[in-house]
Amino acid sequence: MYTAHTDRYADMPYRRTGRSGLKLPALSLGLWHNFGPADRSVEHQRAILRRAFDLGVTHFDLANNYGPPPGAAESAFGEALKADFAPYRDELIISTKAGYLMWPGPYGEWGSRKYLLSSLDQSLQRMGLDYVDIFYSHRPDPDTPLEETMGALHSAVQQGKALYVGISNYSAEQTREAARILGELGTPLLIHQPAYSMLNRRPEDEGLLDALDELEVGSIVFSPLAQGQLTSRYLDGIPKDSRAASGSPFLNADSITEDLLGKLRALNGIAESRGQTLAQLALAWVLRGGRVTSALVGASSAQQIEDSVAAARNLDFDAEELDRIDAILKG
C-alpha cells in the first residue's frame, strides 16, 4: 500500500496560475510517451508517478490520444489512481485534452462540441474520475467557429466535469479571442499549453507570452527539453537507443547537426558552472522570471523525475548568464 512522503511539499515551488486561485508545481509530469504502452511494466510506470508525487509534483497532464495506442495513458493512469492515489485525489491536479484523432468518422477529432464533450466523457471513464481539474482544447479547429469550441469548454465546467479550462497550440491572436469568448460566458481561460524551449522560442517571438501576460492567463510549456535534445544524450552525437535514432516523427537524426552539437556543448558548460545538468539548465531557463507557470517533463524512470525536479533548486539567472545563452543560441 503506497503512502506518500510526509515532506512532499517541502521543496517544490508552487506558482499561481494567471489570476486564478490555482497553484501549479514548477515541474509537472506529462504522460505523453511513457505511460500506457504494453512494453512498459505497470509497476515501473506507477513507480514514476509515486516518486513524482513524493517530490511535490501534484500535476499530471494527459490527453485523450496519449499512449500508444490512443487512450492507453489515461487507462493506465486510472489504474494507478485507484491503486495508489485515491486517498490523495484532492491534492492532485489532473488535466486532459481533446483535439487530435481518436475514432473514425467526422466527429472523431478537432473542436466541435460533439467531439469535445464526447471525448471528455470517454476520458473520465478511462481514468475512473467524476471530473478533471483542467480540460483543454488541444488545437484550434480551422472549420469550427471558436464560439462553439469555447462553448463546449464552458459546458464541461457547467456540467461539473472540469474545474478549469485551457487551450493548447493556439496563436496569440486566437488566444486573445478565446479568452474574450470564455470571459463573456463566465468561464475564464485558465491556462495555455505551448511548446517552448531554448531551441523553440516561438512563444516569445510571436507574442504569445506577451498576450498571456496581458490577459493574466497562466502557461505550462511542453517539450522544454526539445524532445531530449537539451539533455546530455546528444553531447557526443546520436546514441543508437535515442529518439533521434529511432525514426521518431518528432525528432530525427537530421536534426542533430554539428552546429547544434556545438551549441549544446557550450550550453552544457554554462550548466556545469551553475552546478546543473544541461536538462536542468533548460528547465530553469523556461521557468526564469516567472512568466511560465510550470514546465511539463516526461520521465521513463524515477531517476529522471528526480533529476528534473532538482532544476527547481536554482531558477535564477544573472544578466551575464542570459546574455551568454542568447549568444550561443544565435551564434
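Worth saying up front: this structure is predicted, and the values here are computed from it rather than measured.

Trainee: Teacher, can you tell me more about the overall build of the chain here?
Mentor: Looking only at helices and strands, the chain features eleven helices and ten strands. The C-alpha atoms of the chain give a radius of gyration of 19 Å, which matches the 20 Å a tight globule of 331 residues would have. In the chain, which comprises 331 residues, the proportion classed as buried is 54%. Sequence separation of 24 or more characterises 74% of the internal contacts of the chain that already satisfy a separation of 6 or more. Just so you have it, the chain exposes about 14,400 Å², and 49% of that area is on carbon and sulfur atoms.

Trainee: Explanation requested: the layout of surface pockets in the structure shown.
Mentor: Each pocket or cavity is described by its volume, and for the second largest pocket that value is around 300 Å³. By residue number, the principal contributor to the lining of the second largest pocket is helix α10 (residues 302–309), which donates three residues. Here the residues of the lining of the second largest pocket sort into six nonpolar, one polar and eight charged.

Trainee: Even after reading the chapter, I still don't get the pairing of strand β7 (residues 162–168), so can you show me in this structure?
Mentor: Regular strands have side chains that alternate between both faces of the sheet. With respect to burial, β7 is a largely interior element, five of its seven residues being buried. Across five bridges, strand β6 (residues 132–137) lies against β7 in parallel orientation. Across the sheet, Tyr 136 pairs through a bridge with Gly 166, a residue of β7. For the segment spanning β6, helix α4 (residues 146–158) and β7, crossover handedness is right-handed. Here four bridges tie β7 to strand β8 (residues 189–193), and the two strands are oriented parallel to one another. Paired with Val 165 across the bridge in β8 is Leu 189. Read from β7 through helix α5 (residues 172–185) to β8, the crossover connection turns out right-handed.

Trainee: I'm lost on the sheet that holds strand β4 (residues 59–61) in this one. Help?
Mentor: In a beta sheet, neighbouring strands pair by backbone hydrogen bonds and run either parallel or antiparallel. As summarised here, the arrangement of the eight strands in space is β3-β4-β5-β6-β7-β8-β9-β10, forming a closed barrel in which the pairing is parallel. The average angle at which neighbouring strand axes cross in this sheet is 30°, direction not considered. Direction of pairing for strand β5 (residues 93–98) relative to β6: parallel, over a ladder of four bridges. Bridge pairing in β6 places Ala 98 opposite Ser 137. Packed onto the sheet, α4 meets β6 and β7 and runs at close to 155° relative to β7.

Trainee: Just to check I follow, could you spell out the side chain of Arg 274 for this structure?
Mentor: You can see Arg 274 is positioned in the loop between α8 (258–273) and α9 (278–286). Accessibility expressed as a relative area gives 11% for Arg 274, which makes it buried.

Trainee: Help me understand helix α1 (residues 42–54) in this model?
Mentor: Helical geometry: 3.6 residues make up each α-helical turn, so side chains three or four residues apart lie on a common side. Taking 1.5 Å per residue, 13 residues should reach 18 Å; α1 reaches 18 Å between its end C-alpha atoms and fits that length. Burial in α1 covers these residues: Gln 45, Arg 46, Ile 48, Leu 49, Arg 50, Ala 52, Phe 53 and Asp 54. After α1 finishes, the residue Gly 56 shows a positive phi value of roughly 95°.

Trainee: Would you explain the environment of Ala 172 in this entry?
Mentor: Mapped onto the secondary structure, Ala 172 falls in helix α5. In this structure the C-alpha to C-alpha distance between Ala 172 and Leu 116, which are 56 residues apart in sequence, comes to 22 Å. Here Ala 172 is in contact with Glu 206, Gly 207, Leu 208 and Ala 211, once residues within four sequence places are set aside.

Trainee: Teacher, can you tell me more about the side chain of Arg 139 here?
Mentor: For Arg 139, the location among the structural elements is in the loop between β6 and α4. Within the local environment of Arg 139, its side chain forms a polar contact with the backbone oxygen of Gly 99, the two atoms lying 3.0 Å apart.

Trainee: Sorry, what's going on with the pairing of strand β3 (residues 27–30) here?
Mentor: Every second residue of β3 is oriented toward a common face, with Leu 27 and Leu 29 on one face and Ser 28 and Gly 30 on the other, all of them buried. In this structure, β3 lies alongside strand β10 (residues 294–297), joined through three bridges in parallel fashion. By the bridge assignment, Leu 27 is partnered in β10 with Ala 295. Judged from the two bridges that link them, β3 and β4 form a sheet pairing that is parallel. The residue bridging Gly 30 from the neighbouring strand is Asp 61, located in β4. Crossover connection from β3 via α1 to parallel β4: handedness right-handed.

Quick notes on the rules
- One numbering rule holds for all chains: residues counted from 1, following each sequence as written.
- Since the coordinates come from a predicted model, pLDDT governs what is reported: local features require at least 70, and pairs of side-chain atoms require 80 or more to be given and counted, while whole-chain, interface and lining totals use all residues.
- Hydrogens and water are ignored here; the side-chain numbers use all heavy atoms of the structure.
- Starting at the N terminus, helices and strands are each numbered in turn, a helix being any DSSP run of H or I of at least four residues and a strand any DSSP run of E of at least two.
- Values of the radius of gyration come from C-alpha atoms, whereas the globule rule sets the reference at 2.2 Å times the count of residues to the power 0.38.
- Relative accessibility decides the category of a residue: with a 1.4 Å probe and only protein chains considered, values under 20% of the type maximum give buried, values over 50% give exposed, and everything between is partly exposed.
- Contacts: residue pairs with any heavy atoms within 4.5 Å of one another.
- Per-residue accessibility takes into account occlusion by the displayed protein chains alone, with areas from the Shrake-Rupley method and a 1.4 Å probe.
- Both cavities and pockets are sets of points on a 1 Å grid over the protein atoms alone; in a cavity a 1.4 Å probe fits but cannot get out, in a pocket the set is open with protein on both sides within 12 Å along at least five of seven lines, and lining residues sit with an atom within 4 Å of a point.
- Grid points are joined across faces, edges and corners, and a volume is the space filled by probe spheres set on the points.
- Note on residue classes: Ala, Val, Leu, Ile, Met, Phe, Trp, Tyr, Cys and Pro are nonpolar, Asp, Glu, Lys and Arg are charged, and everything else, Gly too, is polar.
- For two strands to be treated as a pair, DSSP must find at least two bridges joining them.
- Every crossover in which the path from the first strand over the helix to the second runs clockwise, viewed with the strands pointing away from the viewer, is termed right-handed.
- Every axis in this analysis is a line fitted to C-alpha atoms, fitted for helices over the stretch in contact. Angles between the N-to-C directions lie between 0 and 180 degrees.
- Multiplying 1.5 Å by the helix residue count minus one yields the expected span of that helix.
- Here a polar contact is taken to be a pair of N or O atoms separated by no more than 3.5 Å, where protein atoms must pair a possible hydrogen donor with a possible acceptor and residues adjacent in sequence count only if both atoms sit in side chains.

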